[in-house]
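# Breakdown of the fold
Chain residues, written in single-letter form:
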Amino acid sequence: MSPRVFRVVALPAPTEREKSQMYVQRYLPHLPAASEVVIWDRSWYNRAGVERVMGFCTEEQAQKFLAAVPLVEKAMVDSGIILLKYWLEVSPEEQTRRLAARIDDGRKIWKLSPMDLKSYSRWYDYSRARDEMFKATDTGFAPWYVARSDDKKRARLNIISHLLAHIPYEEAPREKVKLPKRQKAGDYQEPDYPFKFIEERY
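Below: a short report on this structure. None of these values were measured; they are calculated from a predicted model.

Here the focus is the overall build of the protein. Of regular secondary structure, the protein possesses 7 helices and 4 strands. Taken from the N to the C terminus, the helices and strands of the protein come in the order β-α-β-α-α-β-α-α-α-β-α. The C-alpha atoms of the protein give a radius of gyration of 23 Å, which is well past the 17 Å a tight globule of 202 residues would have. Along the three orthogonal principal directions, the C-alpha set of the protein runs to about 80 × 45 × 35 Å. Look at the contacts in the protein between residues 6 or more apart in sequence, and 64% of them connect residues 24 or more apart. Distance between charge centroids for the protein: 2 Å, based on 35 positive and 29 negative side chains.

In structure tokens:
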């Protein structure tokens, strides 16, 4: 994907200055202009989920967010932005399997954070937060779409298919590409050089 058209936004933890701003303020500069696509890797809905459940915001802040965010999303949609919100639903059994796989695999252990372990024990707190979030923010102009994601590959394909069906687009005209003829070797000869090739294990 061309980074001039597609952007993935994954904001870090807020700075002290950002904590003093209106909650959605730090997200607004990243919203798309015409013909751009922005994919949020965790969005402002952190406030309705992990921040609320793990105590990073007050209950009053969470309730104010749930009341305000539909107004922000209505303004976005009214301005012409196509807003698609996906919730990836995973079963408790699959969550356990994935976390256990990280614990037992040296290639994946880096993915396992202390927050993952704390969150794991609070499944039903997260479920209640999700239910209240849907109730407050699943609107006709910006509905939530739920994707079953126990099977990651199928979930990705289903989301991509769904997303493309909701974005009007036309195939861009392209000239047929033809590889040019490669130049002749002429007087070039492969060098007798001891290249340090890596071990071919696969």
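Relative to the assigned elements, R130 resides in helix α6 (residues 123–137). By relative accessible area, which is 19% here, R130 ends up buried. If we ignore the near neighbours within four places in the chain, the residues touching R130 are W87 and E89.

Taking 1.5 Å per residue as the helical rise, helix α4 (residues 92–104) with its 13 residues ought to reach 18 Å, and the 18 Å between its terminal C-alpha atoms agrees with that figure. Taken together, the buried positions of α4 are E94, R98 and L99. The arc that holds the buried residues of α4, viewed along the axis, is 130°, so those residues lie on one side. In α4, the exposed positions angled more than 90 degrees off the buried face are occupied by E93 and D104. Tucked inside the fold, the buried residues of α4 contact α5 (114–120) and α7 (152–165).

On the surface, a cluster of positive charge is contributed by K108, K111, K152 and R156. By the secondary structure assignment, K152 is in helix α7. The class of K152 is partly exposed, set by a relative accessible area of 40%.

Before going further, it helps to examine helix α3 (residues 59–78). Taking 1.5 Å of rise per residue, 20 residues should cover 28 Å, and α3 covers 29 Å from first to last C-alpha, within 8% of that figure. At A68, α3 is bent by approximately 30°, the largest bend along its length, and proline P70 sits one to four residues beyond. Among the residues making up α3, those that are buried are A62, F65, L66, V69, P70, E73 and M76. Those residues of α3 that are buried lie in contact with α2 (50–53), β3 (85–89) and α6. Positive phi shows up at G80, right after α3, with a value of about 110°.

This paragraph deals with the environment of F6. Mapped onto the fold, F6 is located in strand β1 (residues 6–9). Residue class for F6 comes out partly exposed when judged on its relative accessible area of 32%. Taking the C-alpha atoms as reference points, F6 and V38, separated by 32 residues in sequence, lie 5.9 Å from one another.

Rules used throughout
Residues numbered from 1 in each chain as written. Predicted model: local features only at pLDDT ≥ 70, side-chain atom pairs only at ≥ 80, totals over all residues. Heavy atoms only, no water. Helix = DSSP H or I, 4+ residues; strand = E, 2+ residues; numbered from the N terminus. Rg over C-alpha atoms; globule rule 2.2 N^0.38 Å. Contact = heavy atoms within 4.5 Å. Lys, Arg positive; Asp, Glu negative; His and termini not counted. Charge placed at Lys NZ, Arg CZ, Asp CG, Glu CD. Buried < 20%, exposed > 50% of the residue type's maximum accessible area, 1.4 Å probe, protein only. Expected span 1.5 Å × (residues − 1). Arc of directions from axis to C-beta. Patch = residues over 30% accessible without salt bridge, like charges linked within 9 Å, V, L, I, M, F, W, Y side chains within 5 Å. Areas by Shrake-Rupley, 256 points an atom, 1.4 Å probe, with all protein chains shown as cover. Salt bridge = Lys/Arg side-chain N within 4 Å of Asp/Glu carboxyl O. Bend = angle between axes of the 7 residues up to and from the residue.

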